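Structure at a glance
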Protein chains: 2
Amino acid sequence: MEKQLSSKTIFEGNIIKVTHDEVELPDGSTAMRECVYHRGGVCILAVENGCILLIKQFRYPNRMDTLEIPAGKLEEGEDPNQACYREFEEETDRRAENMRFILKLYPTPGFCSEIDYLYEAENFKYVKDSLPQDDDEFLKLVKMPIDEAYAKVLDGTIFDAKTIIAIQYAYQKYHKD
Amino acid sequence: MEKQLSSKTIFEGNIIKVTHDEVELPDGSTAMRECVYHRGGVCILAVENGCILLIKQFRYPNRMDTLEIPAGKLEEGEDPNQACYREFEEETDRRAENMRFILKLYPTPGFCSEIDYLYEAENFKYVKDSLPQDDDEFLKLVKMPIDEAYAKVLDGTIFDAKTIIAIQYAYQKYHKD
């Protein structure tokens, strides 16, 4: 347990809020905590004819393309069970009849509050009148066989944490020896 | 691809650096990017008599205890292949003869540069003269059977992303139906 002694807000953006706090540790000493608050998100495992749906996109912090499962940030106060339908449709042009909750993950709990909720899309299909993508996203849909995706996790081609988790889950569920 | 037009450093702490950048998008329009830079870390899967070694610790951003595999941040410019030995010994009082690299993971590549390197500790054993823990960490070692850890991923008790990945990997490798 750490008790907050003071908190200074450093930055309030659209995606993150950053604070620099002083805390009291269990032994009575003090330490500083650099803290990023984030509203969290949803991410979706979708398997279509034995292939996982992935999104290729540019990610700025490391100046590189990534392959990630469809995902999106929660709006303020939004229910993940609702958001997952929207984000899935925006990024894949597919509409799901059902989303089955799999698990929640904290990407980096040491300094960041983000929580992501992982679902599996069930009974989904392509729709012509799908929701448009966000203005500042340039996305390309990639369909990859589960075994190939699993191999790409181990060879370093796929490295996004939520995507690794979803692929390991799919491999465990669908792979037949 | 996004081209940096300007960058403003908001905060430089011990753990993270935060910038607020303007970028040019592929269609020529512009957008703002909130960006967290982090030196990255190492994390270690260690299986001892069928149990995974986990660390119970308090994590400030969500004010809660977590169960995580042993892990630690890289020093500036440090080789992950070296750091993993130190962090493992500091957190578990065990010394490994070998560390086998498994994979790398980007916890949350949309806004943060962090990369974590996952290893499996091989031929490790308890040592009396182990490296001391960091001053501001209060850690408790927990040994958990692999099947139980896997169940706790699915029931939400274990939610740290790197730990989920390590447990899924261990379950795939060691679980016998």
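Structure report, in brief. What you are looking at is a predicted structure, and each value in this text was computed from that prediction instead of being measured. (Residues numbered from 1 in each chain as written. Chains lettered and ligands numbered in written order. Predicted model: local features only at pLDDT ≥ 70, side-chain atom pairs only at ≥ 80, totals over all residues. Heavy atoms only, no water.)

What follows concerns the overall build of chain A. Scanning chain A from N- to C-terminus turns up three helices and 11 strands. In chain A, the succession of α and β elements from N to C terminus is β-β-β-β-β-β-β-β-α-β-β-β-α-α. Dimensions of chain A, computed from the C-alpha atoms along their principal axes, are close to 55 × 40 × 30 Å. Sequence separation of at least 24 residues holds for 56% of the intrachain contacts in chain A that already meet a minimum separation of 6. When the accessible surface of chain A is totalled, it reaches about 8,000 Å², and 45% of it is carbon and sulfur. (Helix = DSSP H or I, 4+ residues; strand = E, 2+ residues; numbered from the N terminus. Contact = heavy atoms within 4.5 Å. Areas by Shrake-Rupley, 256 points an atom, 1.4 Å probe, with all protein chains shown as cover.)

There are two copies of the chain, and a rotation about an axis plus a shift along that axis relates them. Its rotation angle being 180 degrees, the transformation that places chain B on chain A also includes 0.0 Å of axial translation and leaves an RMSD of 0.0 Å. Expressed as a symmetry operation, the mapping of one chain copy onto the other fits a two-fold axis. Closest to the rotation axis within chain B is the C-alpha of B:Pro107, separated from it by 2.4 Å. (Least-squares fit on C-alpha atoms with pLDDT ≥ 70 in both.)

This brings us to the pattern of salt bridges. This model, assessed by the stated rule, comprises 29 salt bridges over all chains. A salt bridge links A:Glu78 to A:Arg86; its shortest N-O distance comes to 2.5 Å. B:Glu90 is the salt-bridge partner of B:Arg86, the closest N and O atoms lying 4.0 Å from each other. Of this pair, B:Arg86 and B:Glu90 both sit in helix α1 (residues 80-92), four residues apart, which is roughly one turn of the helix. You can call B:Glu90 buried: its relative accessible area is 9%. Through salt bridges with shared partners, a single ionic network connects A:Arg59, A:Glu68, A:Asp160 and A:Lys162. (Salt bridge = Lys/Arg side-chain N within 4 Å of Asp/Glu carboxyl O. Buried < 20%, exposed > 50% of the residue type's maximum accessible area, 1.4 Å probe, protein only.)

All names here are of chain A. Ordered by their spatial adjacency, three strands build an open sheet running β1-β2-β3, and the pairing between neighbours is antiparallel. Strand pairing shows two members of the sheet lacking a second neighbour, β1 (3-12) and β3 (30-38), which therefore form its edges. Strand after strand, the sheet turns through a mean of 20 degrees between neighbouring axes, direction not considered. (Pairing = 2+ DSSP bridges. Axes fitted to C-alpha atoms, helices over the stretch in contact; angles between N-to-C directions.)

A few words now on the side chain of B:Glu114. With respect to the helices and strands, B:Glu114 occurs in the loop between β9 (94-105) and β10 (116-126). It turns out B:Glu114 is buried and unbridged, and the closest side chain with the opposite charge, B:Lys162, is 6.8 Å from it. In this structure the side chain of B:Glu114 is engaged in a polar contact, spanning 2.9 Å, whose partner is the side chain of A:Thr108. Sequence-distant contacts of B:Glu114, that is, excluding residues within four places in its chain, are made with A:Thr108, A:Phe111, B:His38, B:Gly40, B:Leu105, B:Tyr106 and B:Pro107. (Lys, Arg positive; Asp, Glu negative; His and termini not counted. Polar contact = N/O pair within 3.5 Å; in protein donor to acceptor, adjacent residues only side chain to side chain.)

Attention now goes to the pairing of strand β3 (residues 30-38) of chain B. All names here are of chain B. Bridge count between strand β2 (residues 16-24) and β3: nine bridges; the pairing is antiparallel. Opposite Lys-17, over in β3, you have Tyr-37 as the bridge partner. The hairpin turn running from β2 into β3, its antiparallel successor, is five residues long, and Gly-28 in that turn takes a positive phi close to 95 degrees.

The next point concerns a negative patch on the surface. A surface patch of like charges, here negative, comprises A:Glu24, A:Asp27, B:Glu75, B:Asp134 and B:Asp135. Mapped onto the elements of the fold, B:Asp135 is located in the loop between β10 and β11 (140-145). (Patch = residues over 30% accessible without salt bridge, like charges linked within 9 Å, V, L, I, M, F, W, Y side chains within 5 Å. Charge placed at Lys NZ, Arg CZ, Asp CG, Glu CD.)

Residues and elements named next belong to chain B. Phi is positive for Arg-63, which is not a glycine, with a value near 50 degrees. Among the structural elements, Arg-63 can be located in the loop between β6 (51-59) and β7 (64-68). Despite not being glycine, Asp-93 has its phi angle at roughly 60 degrees, a positive value. Within the element layout of this structure, Asp-93 appears in the loop between α1 and β9.

Our focus in this paragraph is empty space enclosed by the protein. This structure, assessed with the given rule, holds one cavity of 30 Å³ or more. Quantified by volume, the largest cavity comes out at close to 60 Å³. Of all the secondary-structure elements, those providing two or more residues to the lining of the largest cavity are α3 (161-174) of chain A together with α3 (161-174) of chain B. It is α3(A) that provides the largest number of residues to the lining of the largest cavity, a total of four residues. Here the lining of the largest cavity is built from residues that sort into five nonpolar, four polar and no charged. (1 Å grid on protein atoms, 1.4 Å probe; cavity = no way out; pocket = protein on both sides within 12 Å on 5 of 7 lines; lining within 4 Å. Points joined across faces, edges and corners; volume = space filled by probe spheres on them. Nonpolar A, V, L, I, M, F, W, Y, C, P; charged D, E, K, R; others polar.)

Turning our eyes to something else, we now look at helix α2 (residues 146-154) of chain B. Looking only at α2(B), the buried set comprises B:Ile146, B:Ala149, B:Tyr150 and B:Val153. Buried positions in α2(B), seen along its axis, are confined to an arc of 100 degrees and lie on one side of it. Structurally, α2(B) contributes buried residues whose contacts are with β9 (94-105) and α3 of chain A together with β5 (47-48), β6, β11 and α3 of chain B. Where α2(B) terminates, the next one or two residues include B:Gly156, which has phi positive at roughly 90 degrees. (Arc of directions from axis to C-beta.)

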